[in-house]
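# Summary of structural features
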Amino acid sequence: MKQFGRVLTAMVTPFHDDYSVNYEAAAQLARYLVAHGSDGLVVAGSTGESATLNRTEKNQLFATILDAVGDKATIIAGTGSNDTHASIEATQEAAKIGVHGAMLVGPYYNKPPQEGFYQHFKAIAASTDLPLIVYNVPGRTASNILPSTIARLAEIPNIVAVKESSGNLEQVAEIIRTTPQDFLVYSGDDSLALPVLGIGGTGIISVAAHIVGRQMQEMVTAFFAGNLAKAQALHLELLPFFKAMFVTTNPIPVKTAVNLLGLDAGPLRLPLVAPQSAELELIKQAMLQVGAL
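Residues numbered from 1 in each chain as written. Predicted model: local features only at pLDDT ≥ 70, side-chain atom pairs only at ≥ 80, totals over all residues. Heavy atoms only, no water.

As a further point, take the pattern of salt bridges. Under the definition given, this model contains eight salt bridges. We note a salt bridge from Glu93 to Arg55, for which the minimum N-O separation is 3.0 Å. You can see Glu93 sitting in helix H3 (residues 84–97) and its partner Arg55 sitting in helix H2 (residues 55–69), a full 38 residues away along the chain. Residue Glu93 is classed as partly exposed on the basis of its relative accessible area of 28%. Taking relative accessible area as the criterion, Arg55 reaches 28% and is therefore assigned partly exposed. The closest approach of N and O atoms between Glu218 and Lys230, which form a salt bridge, is 3.3 Å. One end of the pair, Glu218, is in helix H9 (residues 209–224); the other, Lys230, is in helix H10 (residues 228–244), with 12 residues separating them in the sequence. It is possible to trace a salt-bridge network through shared partners that takes in Arg55, Glu89 and Glu93. (Salt bridge = Lys/Arg side-chain N within 4 Å of Asp/Glu carboxyl O. Helix = DSSP H or I, 4+ residues; strand = E, 2+ residues; numbered from the N terminus. Buried < 20%, exposed > 50% of the residue type's maximum accessible area, 1.4 Å probe, protein only.)

If you want it as structure tokens, here you go:
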């Protein structure tokens, strides 16, 4: 089974000032992230502003980042949508490009019942040989994929992981309890990374790792080495930064932080906007506290 790594960064998508995708900056950012603690990259997920990227842009991003760091890191393509047929096509196109796996968000807006979730992911899995990550993010999709549904999906050979962003540790624990031992359970919330590891999780699909990737890799490594005191100390030290990265809608804070770091992430596409002045000040202070500025 495909091992994706423990610290995966949900990568922002750099844009030029005219809002076109800056592929050169994307390659540079990918190289930076892999050199600073990331085992893998999730491309064109929520943090990558996938909702405003078209299929051609996404595919070019996958190819660009695969070419830049695909020999050093796992490249996971965000290919999910609320249209099963479109998700199948997108996943098949990404597979042809050569990505190492795909991440599929729970269908948003449609609000399918649990059987609808199951049939959606089952149909996509049947259409590809890629290892797949189910992405449960009720705060964005307005519906929750229940642990019992994840347990059913885990029986499908190439559905190998879940990114759990419900914020509910009891739900995460139930998924871990009811899925095979080799099923990968990633925290989708930076602030819950260590608690999720503590109940048997695999790792983190992170926003904050853009800025504190080395510290997060150090925290996860310490945990798996049995040095719980060090892992706990790092988690508590990073907690204010994790919170600052969600002072307003993701990816507004992290894209701002990447730009402040001196890397070219460019602007946000509407309907996302730059942070308010108070939010910007909080982001800067949080970066200062972790030594990033």
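Next comes the rest of the write-up.
Here we have eight strands rolled up into a closed barrel, ordered E1-E2-E3-E4-E5-E6-E7-E8, and parallel in their pairing. Averaged over all pairs of adjacent strands, the angle between strand axes in this sheet comes to 25°, irrespective of strand direction. Inspection of the sheet shows strand E5 (residues 132–136) paired to strand E6 (residues 159–164) by five bridges, in the parallel sense. The residue bridging Tyr135 from the neighbouring strand is Lys163, located in E6. Here H2 sits on the sheet and contacts strand E2 (40–43) and strand E3 (74–78); the angle it forms with E3, its principal contact strand, is near 175°. (Pairing = 2+ DSSP bridges. Axes fitted to C-alpha atoms, helices over the stretch in contact; angles between N-to-C directions. Contact = heavy atoms within 4.5 Å.)

The next point concerns the UniProt feature "binding site: pyruvate" (unreviewed entry) in the protein. Mapped onto the present numbering, the UniProt feature "binding site: pyruvate" (unreviewed entry) falls at Thr47 and Ile205. Taken together, the annotated residues stretch across 159 residues yet fold into one region, lying no more than 10.7 Å apart by C-alpha. In the annotated group above, the second largest pocket draws its lining from Thr47 and Ile205. Inspection of the secondary structure assignment puts Thr47 in the loop between E2 and H2. If sequence neighbours within four positions are ignored, Thr47 has contacts with Ala10, Met11, Val12, Thr13, Val207, His210, Asn250, Pro251 and Val254. Among the structural elements, Ile205 can be located in strand E8 (residues 203–206). With a relative accessible area of 2%, Ile205 lands in the buried category. Residues within four places of Ile205 in sequence aside, it is in contact with Leu8, Ala10, Val42, Met103, Ile133, Lys163, Tyr186, Ser187 and Gly188. (UniProt positions renumbered as here; feature names shortened; annotations may be inferred. 1 Å grid on protein atoms, 1.4 Å probe; cavity = no way out; pocket = protein on both sides within 12 Å on 5 of 7 lines; lining within 4 Å.)

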